[in-house]
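Tertiary structure, described
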Amino acid sequence: MKVCILGAGVIGLTSAYYLAKKGMQVTVVDRQADVAMEASFANAGQVSPGYSAPWAAPGVPLKAVKWLFEKYAPLKISPELELKKVAWMSKMLRNCTASKYNINKSRMMALAEYSRDCFIDLRKEIGIQYDDGQGGTLQLFRSDAQVESSEKDIKVLKSLGVAHEVLSPTEILKVEPGLAPVIDKFKGGLRLTGDETGDCFMFCNALKKQCEDLGVTFKFNTQITKLVVEQGKIQTVATSEGNIDCEQLLVCLGSYSKEMLKAIGLDVPIYPVKGYSLTVPISDAQFAPTSTIMDETYKVAVTRLGNRIRAAGTAELAGYNLDLPKARTDTITHVVSDVFPQGADLAEAEYWTGLRPMTPDGTPIIGETPIKGLYLNTGHGTLGWTMSCGSAAVIADIMAGEVTAIDSSSLAVKRYAN
Ligand SMILES: Cc1cc2nc3c(=O)[nH]c(=O)nc-3n(C[C@H](O)[C@H](O)[C@H](O)COP(=O)(O)OP(=O)(O)OC[C@H]3O[C@@H](n4cnc5c(N)ncnc54)[C@H](O)[C@@H]3O)c2cc1C
């Protein structure tokens, strides 16, 4: 079977690997010169099933209004009246009820847990290395109100059987001793012990070699211009380097999936939610994180990646804009200097921005479409690195006509039909 995959981010690449392992003849097409050059380039590094939850949650609309007036707020909304943004936000607001939150969270967690297990298997199978760690995620609470409000999350974690520990400030220091100089700022923590960490860009580059060994062909520097559908079946992909024919086509174009699919009459509710990261060499290891800490006040994750610290956060709704203004990166800089003041030399920080391909219900879109031969693996939002291997294993099973390891019936685009 000849399969063409559009997009060489972490989602396209993992899909290529799992499909090639099934004996498919895979070609991957991307406009960039190599893999993982867009959203998968410098994310926060969390492989975090324990933290998998939709942004659309009860209470979020009120919090969002408050954040609009804060300097280091986790959410920014550009003032331009963009129709796509307004339509996406209204769909997201409709997902903020308790019942929808529970449905969306359970879908996301099942996929993320499966994905983390796929990572474990992959490390065993091919010995892939990507500055990975298995030290969990530690949510840090600066106020009593945050500690109290974590109680309802703990109930959910218990009900879903997710491994976790509730920590006092003294106990926090046993897992993250680098916080000693600033521990007075924190009232408590919640540790998700099954979470992992790793550099998505390094992973993609290592997996590309494995893909090549399995016979995958990469066509880089190739702009995809159009999908051609005839008689309800996908026929051709038109690109800057000529047409590519295929029997099956898998779209993994991240934030750019929407426009490509709209042109063939398929509506996928994906909006680019901009985020920022910084990467800095560790200056003093005893004052650096050992794994990921998530500062709940600013929603900034700070992760240890080998001998570097990666911090990332902010959700900005500003279309496809990729500017990197200091006013936006100030939040991540502030958190690193506040939490690990002696661990990193911020003068050496490298800043980056990327677009999270977000769906309004937080769940990615994985599966078949009404167009014969056309499949989707896209819309992974805040958790594309976490869910990459699991999503790829699921779509490879679907495309091969096999039974998926987890229930995938509610992941396909048809869930938006009503
Ligand atoms: C600041 C930030 C922090 C994050 N932190 C985490 C985290 O800690 N954990 C986690 O799980 N996730 C995290 N994420 C999310 C995660 O990085 C994304 O969900 C994931 O990278 C999406 O991968 P993708 O392959 O779908 O998209 P991309 O990596 O963007 O890949 C899409 C590819 O399609 C190509 N493309 C698009 N249009 C065309 C075209 N017309 N022609 C040719 N090629 C095209 C692009 O070049 C690109 O390579 C974070 C994201 C951001 C921005």
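Residues numbered from 1 in each chain as written. Predicted model: local features only at pLDDT ≥ 70, side-chain atom pairs only at ≥ 80, totals over all residues. Heavy atoms only, no water.

1. Things to note about the packing of helix α1 (residues 10-21) against helix α7 (residues 200-213)
The geometry of α1 relative to α7 is characterised by a closest axis approach of 10 Å and an angle of 30° between their N-to-C directions. Of the possible angle classes, the one that applies to α1 and α7 is roughly parallel. The interaxial crossing formed by α1 with α7 has left-handed handedness. When α1 is examined against α7, the residues V10, L13, T14, A16 and Y17 are found in contact with a partner set consisting of C200, F203, C204, L207, K208, Q210 and C211. Grouping the amino acids of the contact of α1 with α7 by side-chain chemistry returns nine nonpolar, two polar and one charged. (Axes fitted to C-alpha atoms, helices over the stretch in contact; angles between N-to-C directions. Helix = DSSP H or I, 4+ residues; strand = E, 2+ residues; numbered from the N terminus. Parallel < 35°, antiparallel > 145°, perpendicular 65-115°, else oblique. Left-handed = near helix turned anticlockwise from the far one by under 90°. Contact = heavy atoms within 4.5 Å. Nonpolar A, V, L, I, M, F, W, Y, C, P; charged D, E, K, R; others polar.)

2. A few points about the site of the ligand
Around the ligand, 36 residues are found, and the nearest of them are D30, S40, Q46, G381 and T386. One of the backbone nitrogen or oxygen atoms of G45 is found 3.3 Å away from an oxygen atom of the ligand. Relative to its unbound accessible surface of 1000 Å², the ligand loses 98% to contact with the protein. Among the elements of the structure, α1, β14 (271-281), β18 (350-358) and α10 (384-399) are those that each provide at least two residues to the shell around the ligand. The element best represented in the shell around the ligand is β18, accounting for four residues. For the shell around the ligand, the class distribution of residues is 15 nonpolar, 17 polar and four charged. (Near = heavy atom within 4 Å. Polar contact = N/O pair within 3.5 Å; in protein donor to acceptor, adjacent residues only side chain to side chain. Areas by Shrake-Rupley, 256 points an atom, 1.4 Å probe, with all protein chains shown as cover.)

3. Some points on the pairing of strand β12 (residues 242-245)
Sheet analysis places strand β11 (residues 233-239) next to β12, joined by four bridges and oriented antiparallel. Bridging across to β12, T239 finds its partner in G242. Where β11 folds back on β12, the antiparallel hairpin that results is connected by two residues. (Pairing = 2+ DSSP bridges.)

4. Some thoughts on the packing of helix α4 (residues 98-126) against α10
As a packed pair, α4 and α10 sit with axes 7 Å apart at the nearest point and diverge in direction by 85°. Here α10 runs roughly perpendicular to α4, going by the angle between their axes. Seen from α4, the contacting residues are M108, L111, A112, Y114, S115, C118, F119 and L122; seen from α10, they are W385, T386, M387, S388, C389, G390, S391, A393 and V394. When its residues are assigned to classes, the contact of α4 with α10 shows 12 nonpolar, five polar and no charged.

5. Points about a nonpolar patch on the surface
Among the surface-exposed residues, V65, L68, F69 and I77 lie close enough to one another that they form a single nonpolar patch of about 410 Å² accessible area. In this fold, L68 is placed in the loop between α2 (60-67) and β4 (75-77). (Patch = residues over 30% accessible without salt bridge, like charges linked within 9 Å, V, L, I, M, F, W, Y side chains within 5 Å. Salt bridge = Lys/Arg side-chain N within 4 Å of Asp/Glu carboxyl O.)

6. Concerning the sheet that holds strand β9 (residues 217-219)
On the basis of which strands lie adjacent, the open sheet formed by six strands has the order β9-β2-β1-β13-β20-β19 and mixed pairing. Taken across any chain shown, the strands that pair with only one partner, and hence form the sheet edges, are β9 and β19 (365-368). The mean angle between the axes of side-by-side strands here comes to 20°, regardless of whether they run parallel or antiparallel. Of the strands in this sheet, β1 (2-6), β13 (248-251), β19 and β20 (374-378) touch α10, which is tilted by about 170° from β20.

7. Let's talk about the pattern of salt bridges
In total, this model carries 21 salt bridges according to the counting rule given. R123 serves as the salt-bridge partner of E196, at 2.8 Å between the closest nitrogen and oxygen. In this pair, E196 is assigned in strand β8 (residues 196-197) and R123 in helix α4, connecting sequence segments 73 residues apart. We note a salt bridge from D131 to R308, for which the minimum N-O separation is 2.9 Å. Of this pair, D131 sits in the loop between α4 and β5 (137-141) while R308 is found in strand β17 (residues 308-317), placing the two residues 177 residues apart along the sequence. Given a relative accessible area of 27%, D131 falls into the partly exposed group. Through salt bridges that share partners, R142, K185, D295 and D338 make up one connected network. (Buried < 20%, exposed > 50% of the residue type's maximum accessible area, 1.4 Å probe, protein only.)

8. With respect to the sheet that holds β11
What the three strands build is an open sheet, ordered β10-β11-β12; its pairing is antiparallel. Bordering the open sheet on either side are β10 (224-230) and β12, each of which pairs with just one other strand. Along the sheet, successive strands turn relative to each other by an average axial angle of 25°, direction set aside.

9. Examining the packing of aromatic side chains
Under the definition given, this model contains 12 aromatic pairs. The rings of F119, Y130, F203 and W385 are connected pair by pair, giving a single aromatic cluster. Sitting above the plane of the Y256 ring, R31 keeps its charged end 4.2 Å from the centroid. (Phe/Tyr/Trp six-rings, centres within 6.5 Å; stacked < 30°, edge-to-face > 60°. Lys NZ or Arg CZ within 6 Å of the ring centre and 35° of its normal.)

10. Let's talk about the UniProt feature "domain: FAD dependent oxidoreductase" (unreviewed entry) in the protein
When the UniProt feature table is mapped to this numbering, "domain: FAD dependent oxidoreductase" (unreviewed entry) covers residues 2-397. The span residues 2-397 carries 34% helix and 26% strand; its end-to-end C-alpha distance comes to 15 Å. (UniProt positions renumbered as here; feature names shortened; annotations may be inferred.)

11. Focus: the environment of R304
Position of R304 relative to the elements: it lies in strand β16 (residues 300-305). Excluding residues that lie within four positions of it along the chain, R304 makes contacts with T197, I282, A285, A288, P289, T290 and S291. Within the local environment of R304, its side chain forms a polar contact with the backbone oxygen of P289, the two atoms lying 3.0 Å apart. Side-chain polar atoms of R304 contact the backbone oxygen of G306, separated by 2.7 Å.

12. Re helix α5 (residues 144-160)
When the terminal C-alpha atoms of α5 are compared, their 25 Å separation across 17 residues agrees well with the 24 Å that a helix rising 1.5 Å per residue should span. The complete set of buried residues in α5 reads Q146, S150, I154 and L157. Buried residues along α5 sit against β5, β6 (165-167) and β7 (188-192). Two residues or fewer past α5, G161 is found with a positive phi of approximately 70°. (Expected span 1.5 Å × (residues − 1).)

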